[in-house]
Amino acid sequence: MPVESGSGGVSAAGRQAKQKRKSHSLSIRRTNSTEQDRVGMQRDLLEGQESKLPSSIRSNLLDLFGQIEREFENLYIENLELRREIDTLNERLAADGQTVDGGDLSKGPLKAKASHSTSQLSQKLKTTYKASTSKIVSSFKATTSRALCQLAKEYVGHRDGIWDLSVSRAAPVILGTASADHNAMLWSIETGKCLLKYVGHAGSVNSIKFHPTEQMALTASGDQTAHIWRFVVQLPAPQPVADISVPCEDDVDFSDKDDADGEPEGPSECPSVRVASTVLKSHQGVVIAADWLVGGKQAVTASWDRAANLYDVETSELVHSLTGHDQELTHCCTHPTQRLVVTSSRDTTFRLWDFRDPSIHSVNVFQGHTDTVTSAVFTVGDNVVSGSDDRTVKVWDLKNMRSPIATIRTDSAVNRISVSVSQRIIALPHDNRQVRLFDMAGVRLARLPRSNRQGHRRMVCCSAWSEDNPYCNLFTCGFDRQAIGWNINIPALLQEK
């Protein structure tokens, strides 16, 4: 719509005159007059151009833009006045070596604002300090853990993941491993040499336990049986070995394509046993674990058929069938000095079976976890320690098992745990390849070193203590097809707590 040029020119002239009078009254010298003239010319041109907007709306828009411009001018003038006041205050405080940026701190609201800002700054500094200190402490703890927990020996020879391991209680002291490659192996702890291989199972060997007094081993298998077999081994002379424990950084991830996926560099020749002296067979599913009762005259097995069976070792007869779990069993363990058995299950519970009274056996059910209970083990005292896929480990008192006396929360599922006899340190093997040590109160003591040069490269399945061994007193195994012997400086570890 065409617009009358005369009225537009008068309006522009009046506006420019008003701006000049305002500038004169405020005594503000404009240094960018050229730019303002250019803007004014553009506005005049816009007012003279044709527009599709109605004249009333266009006029309102121009008035609004004029108001916005005046507001900005007022803010600019206020800012100049405030800067003058600040300069004046700085001159007054110059003698004291102080300056103020933004206002007089001695006056009420500004003083409160400054105090608040100082408090925020102080809090920020504290937070930064704590974060930096935390990093330093974590680094120090990692270094301490590496110094107190040294990798001593690697046992390589299995062709599939290792589910379980155990250390013999009677002389000679040897290491036993149970693997998914259908074999169980016995190892010299000091040299890492394979002493004997048991090849009698037709399925994955899921657990291995040594007889308390005789040279016999009990293995459980996916072939739905448990075997008892005798062995005779001669320990080789210890040989000096190079220290393979090197400084490392924790939490270094491994590629899925590493040496563990190739053929293991295990011993090429190893004597083998093919026939068991006793076969325990009454399960209708995978036998996932087995253990000796105190004295070694009876053995207990746990199966995926949801039952645990108690056998007479000499006759291989079934004495009791322990039923009640709603899902597959995952582990079983016996008390070192009493006729007690604890079974774990995928039904999130573990059960305590009492055979101390020959005429009757009682059972107690404990529902302390929210996911599969992967293992529950006895300590020498009156405690049970349970681990679960819910990423927790709980310590229970046998005299009052209504609630745990300690709870350990972790960042990964926990597999078959073990507790040292004398110092009662809990070793936690994790799905995320970590192994952590805690005391019975739930205080973390250490994390075993792991890097691209040492440690497990896959899920850690099991841990086992052997405190009396001066060379390796903790053993772990995993699905990287190797077992590792660790030297843990327990006195120093407890002193660092």
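Remember, it's a predicted structure, so these values are computed and weren't measured experimentally. (Residues numbered from 1 in each chain as written. Predicted model: local features only at pLDDT ≥ 70, side-chain atom pairs only at ≥ 80, totals over all residues. Heavy atoms only, no water.)

Before going further, it helps to spend a moment on the state of the cysteines. Across all of its chains, the model carries one disulfide by this definition. The partner cysteine of Cys194 in its disulfide is Cys270, sulfur to sulfur 2.3 Å. In this structure the cystine formed by Cys194 and Cys270 twists about its S-S bond by roughly -60°; its chirality is therefore left-handed. Highlighted residues: Cys194 in strand S5 (residues 194-198) and Cys270 in the loop between strand S8 (226-230) and strand S9 (272-273), separated in sequence by 76 residues. Of all cysteine sulfurs in the structure, the one in Cys332 sits closest to Cys333, which takes part in no disulfide; the separation is 7.7 Å. (Disulfide = S-S within 2.5 Å. Helix = DSSP H or I, 4+ residues; strand = E, 2+ residues; numbered from the N terminus.)

This brings us to the pattern of salt bridges. For side chains bearing opposite charge, pairing can occur when the charged atoms are close. The final tally for this structure, using the stated rule, is eight salt bridges. For Glu328, the salt bridge is made with Arg346, and the minimal N-O distance between the two is 3.7 Å. Here Glu328 is found in the loop between strand S14 (318-322) and strand S15 (329-334), whereas its partner Arg346 is found in the loop between strand S16 (340-345) and strand S17 (350-354), with 18 residues between them in sequence. With a relative accessible area of 22%, Glu328 lands in the partly exposed category. On the accessibility criterion, Arg346 (41% relative accessible area) is partly exposed. Between Lys399 and Asp382 there is a salt bridge; the shortest N-O distance is 3.8 Å. Here the residue Lys399 occupies a position in the loop between strand S21 (392-397) and strand S22 (406-409), and Asp382 occupies one in the loop between strand S19 (373-378) and strand S20 (383-388), the gap between them amounting to 17 residues. Residue classification places Asp382 among the partly exposed positions, given a relative accessible area of 30%. If you follow the salt bridges from partner to partner, you end up with Asp164, Lys209 and Arg416 in one network. (Salt bridge = Lys/Arg side-chain N within 4 Å of Asp/Glu carboxyl O. Buried < 20%, exposed > 50% of the residue type's maximum accessible area, 1.4 Å probe, protein only.)

This part takes up the pairing of S16. Counting buried residues in S16 gives six out of six residues, a clear majority hidden from the surface. Of the two faces of S16, the one lined by Leu340, Val342 and Ser344 and the one lined by Val341, Thr343 and Ser345 are each fully buried. The pairing of S15 with S16 spans five bridges and is classified as antiparallel. Among the inter-strand pairings, Cys333 is bridged to a residue of S16, identified as Val342. Counting the residues in the hairpin turn of S15 and S16 gives five residues. Both S16 and S17 contribute to a ladder of five bridges, which runs antiparallel. Residue pairing across strands places Val341 opposite Trp353, the latter belonging to S17. In sequence, S16 turns back onto S17 through a hairpin of four residues, with Thr348 there showing a positive phi of about 75°. (Pairing = 2+ DSSP bridges.)

As a rule of thumb, nonpolar side chains are buried together in soluble globular proteins. Core analysis: the largest hydrophobic core is formed by 25 residues, its most contacted members being Phe350, Val385, Ile426 and Leu428. Elements supplying a minimum of two residues to this core: S16, S17, S19, S20, S21, S22 and strand S24 (426-429). If you tally residues by element for this core, the top one is S19, at four residues. What Ile426 contacts, discounting residues up to four positions off in sequence, is Val385, Val395, Ile408, Ser418, Val419, Arg436, Leu437, Phe438, Asp439 and Met440. (Core = buried A, V, L, I, M, F, W, Y, C linked by side-chain atoms within 4.5 Å. Contact = heavy atoms within 4.5 Å.)

With that out of the way, let us pick up the sheet that holds strand S12 (residues 298-303). Reading across the sheet, the four strands line up as S11-S12-S13-S14 and stay open at both edges, with antiparallel pairing between neighbours. Edge strands, defined here as strands with exactly one partner in the open sheet, are strand S11 (287-292) and S14. Between one strand and the next, the sheet's axes are offset by a mean angle of 20°, whatever the strand orientation. Direction of pairing for strand S13 (residues 308-312) relative to S14: antiparallel, over a ladder of four bridges. (Axes fitted to C-alpha atoms, helices over the stretch in contact; angles between N-to-C directions.)

Our focus in this paragraph is the sheet that holds S8. Read from one edge of the open sheet, four strands run S6-S7-S8-S10, paired in antiparallel fashion. Taken across any chain shown, the strands that pair with only one partner, and hence form the sheet edges, are strand S6 (205-210) and strand S10 (278-280). In this sheet, adjacent strand axes meet at a mean angle of 20° when their direction is disregarded. Taken together, the five bridges between strand S7 (residues 216-221) and S8 define a ladder with antiparallel strand orientation. What sits directly across from Leu218, in S8, is Ile228.

Roughly 1000 Å³ of internal volume is contained in the largest pocket. Taken together, 41 residues form the lining of the largest pocket, with Val167, Arg169, Val419, Val421 and Trp465 sitting closest to its centre. Sorting the residues of the lining of the largest pocket by element identifies strand S2 (162-167), S6, S11, S15, S19, strand S23 (418-419) and strand S27 (460-465) as the ones contributing at least two each. Classifying every residue of the lining of the largest pocket by side-chain character gives 20 nonpolar, 13 polar and eight charged. (1 Å grid on protein atoms, 1.4 Å probe; cavity = no way out; pocket = protein on both sides within 12 Å on 5 of 7 lines; lining within 4 Å. Points joined across faces, edges and corners; volume = space filled by probe spheres on them. Nonpolar A, V, L, I, M, F, W, Y, C, P; charged D, E, K, R; others polar.)

Before going further, it helps to examine the side chain of His201. Topologically, His201 is positioned in the loop between S5 and S6. A polar atom in the side chain of His201 sits 2.7 Å from the side chain of Thr219. Side chain to side chain, His201 and Asp223 meet in a polar contact 3.1 Å long. Residues contacting His201, with those up to four places away along its chain left out, are His182, Thr219, Ser221, Asp223, Thr225, Ala226 and His227. (Polar contact = N/O pair within 3.5 Å; in protein donor to acceptor, adjacent residues only side chain to side chain.)

Let us look at the confidence of the model for the protein chain. Close inspection of predicted coordinates is inappropriate for parts of the model with low pLDDT. Averaged over the protein chain, the pLDDT score is 82; the fraction of residues at 70 or greater is 73%. Note on residues 20-35: pLDDT is under 50 here. Beyond four places in sequence and across chains, it has nine contacts. Segment residues 129-143: pLDDT under 50, and one contact once partners within four positions in sequence are set aside and those in other chains are kept. (pLDDT = per-residue confidence, 0-100.)

Turning next to the packing of aromatic side chains. In total, this model carries nine aromatic pairs according to the counting rule given. Between Phe350 and Phe366 the ring centres are 5.2 Å apart and the planes differ by 25°, which places this aromatic pair in the stacked class. Of the two residues, Phe350 sits in strand S17 while Phe366 sits in strand S18 (residues 362-366), which places them 16 residues apart along the sequence. Exposure class is identical for Phe350 and Phe366. Each is buried. Taking the centre distance of 6.3 Å and the plane angle of 45° together, the rings of Phe366 and Trp396 count as tilted. With Phe366 in strand S18 and Trp396 in strand S21, this pair connects stretches of sequence that are 30 residues apart. For the pair Phe366 and Trp396, a shared accessibility class is recorded, and that class is buried. Feature note: the residues Tyr198, Phe210, Trp229 and Phe231 constitute an aromatic cluster, connected by ring pairs. (Phe/Tyr/Trp six-rings, centres within 6.5 Å; stacked < 30°, edge-to-face > 60°.)

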